[in-house]
Amino acid sequence: MPNKDYRTPSIDRDTPQPDIGDKRFSGERFHSTEFMQKEWSHLWRRVWNMGPRVEELKAVGDYVIHTLGKESFIFVLDEKQTIRAYFNVCQHRGNRLVCGERNGKARFFKCAFHAWSWNIDGSIKGVPDADTFPQFKDGIPKEELGLTEIRVDSWGGWLWFNIDGKAGPLLDFLGVLPDHIAPYRMQDMRAYVNATFLWDCNWKIAVDAFNESYHFRGIHPEMMTWSNCDAKLELLGKHSRMINEYGAPSRPHRETMEISERMQAYMKYFGLDPATYNGPAKGARLEKQKLNRQQQAEGSVPHLPYNEMTDEQLSDVFHYFYFPSAAMNIFPEGINTFRYRPHETDPNKCYYDLIMMAHFPEGQAPEQCEHQYYDHKVQYVDMLDPAVEVASFILQQDADNVPEVQLGVQSEGFKGMYLGEQEIRVRHFHNLIDEYLADTPE
Ligand code: FES
Ligand SMILES: [Fe+2]
C-alpha cells in the first residue's frame, strides 16, 4: 500500500494510446445464449468479482445473498468473525437454501423444503429422520454434506469472490487500482444508496454505456455545459480509467460565460453559490478546488481526505473500471459504484447495481442502508434522494437508452461496432472478454 505522501497519478494526455486493433465486434456477443454460457464457464467463474460491502456484515450471523448469473451465494459472518461465502443451495434436493430477503441475520440456515439445516460455518446441523436414509446408516458424512464454499477476500471495504478458486491473489488481479484509490479511503465510506435495477440489456451494453464520454453530446447534451467530454483515458492492465473535468464545459461551450442551469446544479451540489460567481463557466472547477483547500486549511471537514488529493482530484471525476463488471465515479467526498451482473438465463437482461457511498462526519453515517430492488423502469429523480439529483438526471438518460441499443444489436441489419479512439476502453474490454473466452479453463 502506498505511503501517506503518495498521490494518485494523473493521466498524461500526450502519452500515445497503445495500438489494440480496430476490429469490429458483432452484435451477437450481446444476445447469444451460447456466448452467455461461455462467459459463465470461461470468465465469471475465473475472475475476482465484486460482492457486498463489508459493512453489511457487522454481527455474527449477519448474511447477504448475492447473485451472479445463474448462481446465488450466501455471504455470512461466522463465529470466528470470518466472512465466508457458500453456494446458496441445499445439499438434499437442491432447493435454494435461503430464499426471499436479500439480507438478514441467522443462527443457522434451514431449508424450507424438508428442513435440513446448516450452521453458519457451513457444516451440516441437522437432517430430519436421518435414520431413514440408507446412505447415513453409519452416521451423517459431515465432510460430504457441508455447504460448498467459495473463495472470499476483501479490499476497499468490499468483499470479492472467486468461484473456481483458481484466480491468483485479489490484489494481483486488481493491479494498480488499490494504490490509485487508497487516498480516497474507500473502506471508510458508508453506503447511503444500495439499489438494483433489472435492465433490458446485456450486461456488456451497460458496461459500455459508462466507459466512454463520446456519448455526452448525444445522450447528455446538458452535460456539455458543465463537464468536459474530452476525457483523459488510460488502460491499466485488465482495467482502465478516465478523468473528466467537472465544473468546466466541453467544446464548443468551453469559453462561455454563461452558467447553465445544470452547471448551477453542479455548483450547488458541491457547496458553491452560483449567484455570487462571476467568472467564466470553466472556472467553476477552480472554485471548487479553492473552496476545498480553504476547508482543509480551516480543518472544517476532517472526515474528508482533501489533504491526500491533488487539485485535479478535488474537482474532476476519476472513473475507474474494474474488469469485468464494476465501475466507479470517484470524488473525494464519495464514490458512486455501478456493478453490472448478468441475468440468470436471459442474455437480453442484466442487473445494474447502484451503490452510492460517502464519507460522513463522525456519528452521522446511516446505521443501515436498505437494499432496494426495481424490476421495472423507474424515474431515478423520484427514487433517489433529491440531494443527488445531479447524478439521477444523468443516470435517467443512460438507463433510457440502453434497451434501445439492446434491440439494435439484435438486428440483422447491424454489421458490427465501429469503435473510435475515445472508445478505447470499450475496445480493451471486449478484447479481454475475447481473450478469456478463447482460453479454455483447466
Ligand atoms: S431440498 Fe432442502 S431439505 Fe429437501
Ligand atoms: Fe452516460
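Labelled according to an unreviewed UniProt entry, the chain appears under the name Rieske domain-containing protein, originating from Oceanicoccus sagamiensis.

> Any chance you could explain helix α5 (residues 203-210) here in plain terms?
Given 3.6 residues to a turn, an α-helix orients residues that are three or four positions apart in the same direction. Most of α5 sits out of view: 8 of its 8 residues are buried. Along α5, the positions that sit buried rather than exposed are W203, K204, I205, A206, V207, D208, A209 and F210.

> Looking at this structure, how should I read the pairing of strand β13 (residues 239-244)?
Successive residues of a regular strand alternate their side chains across the two faces of the sheet. Judged by how many residues are buried, β13 sits mostly within the fold: 6 of 6 residues are covered. Taking every second residue as pointing to the same face, both faces of β13 are buried, with H239, R241 and I243 on one and S240, M242 and N244 on the other. Of the strand pairs in this sheet, strand β12 (residues 232-236) and β13 are connected by 5 bridges, and their pairing is antiparallel. Residue pairing in the sheet places L233 in a bridge with M242 of β13. In this structure, β13 lies alongside strand β14 (residues 317-322), joined through 5 bridges in antiparallel fashion. Following the sheet pairing, S240 is matched in β14 by F321.

> What should I look at first to understand the sheet that holds strand β8 (residues 124-126) in this one?
Pairing is antiparallel in the open sheet, where 3 strands are placed in the order β6-β7-β8. Strands with a single pairing partner mark the edges of an open sheet, and in this sheet they are β6 (108-110) and β8. Adjacent strand axes in the sheet meet at a mean angle of 30° when their direction is disregarded. When strand β7 (residues 117-119) meets β8, the two strands line up antiparallel, connected through 2 bridges. Residue pairing across strands places W118 opposite I124, the latter belonging to β8.

> Explain the side chain of R29 to me, please; I cannot follow it from the model alone.
Inspection of the secondary structure puts R29 in the segment before α1 (33-44). At 3.0 Å, the side chain of R29 forms a polar contact with the side chain of H430. A polar contact of 2.6 Å, which involves the side chain of R29, links it to the side chain of D434. Beyond its immediate stretch of four places on either side in the chain, R29 contacts F35, N202, K204, H430, I433 and D434.

What counts as what
- Numbering of residues begins from 1 in every chain and follows the order in which that chain's sequence is written.
- Following the order in which they are written, the chains are lettered starting with A and the ligands numbered starting with 1.
- Thresholds applied to this predicted model are a pLDDT of at least 70 for local features of residues and 80 or more for the giving and counting of side-chain atom pairs; totals over whole chains, interfaces and linings are not thresholded and use all residues.
- Note: side-chain values were computed over all heavy atoms of the structure, leaving out hydrogens and water.
- Exposed residues in this analysis have more than 50% of their type's maximum accessible area, buried residues have under 20%, and partly exposed residues fall in between, with area computed by a 1.4 Å probe over protein chains only.
- Think of it this way: any DSSP run of H or I at least four residues long counts as a helix, any run of E at least two long counts as a strand, and we number them from the N terminus.
- Strand pairing is assigned whenever DSSP identifies at least 2 bridges connecting the two strands.
- Each axis is a line fitted through C-alpha atoms, and for a helix only the stretch in contact is used; angles between axes span 0 to 180 degrees, taken between their N-to-C directions.
- For the purposes of these results, a polar contact is taken to be a pair of N or O atoms within 3.5 Å, where, inside protein, one atom must be able to donate a hydrogen and its partner to accept one; residues adjacent in sequence count only when each atom of the pair is a side-chain atom.
- When checking whether two residues touch, look at their non-hydrogen atoms; a contact exists if any pair is within 4.5 Å.

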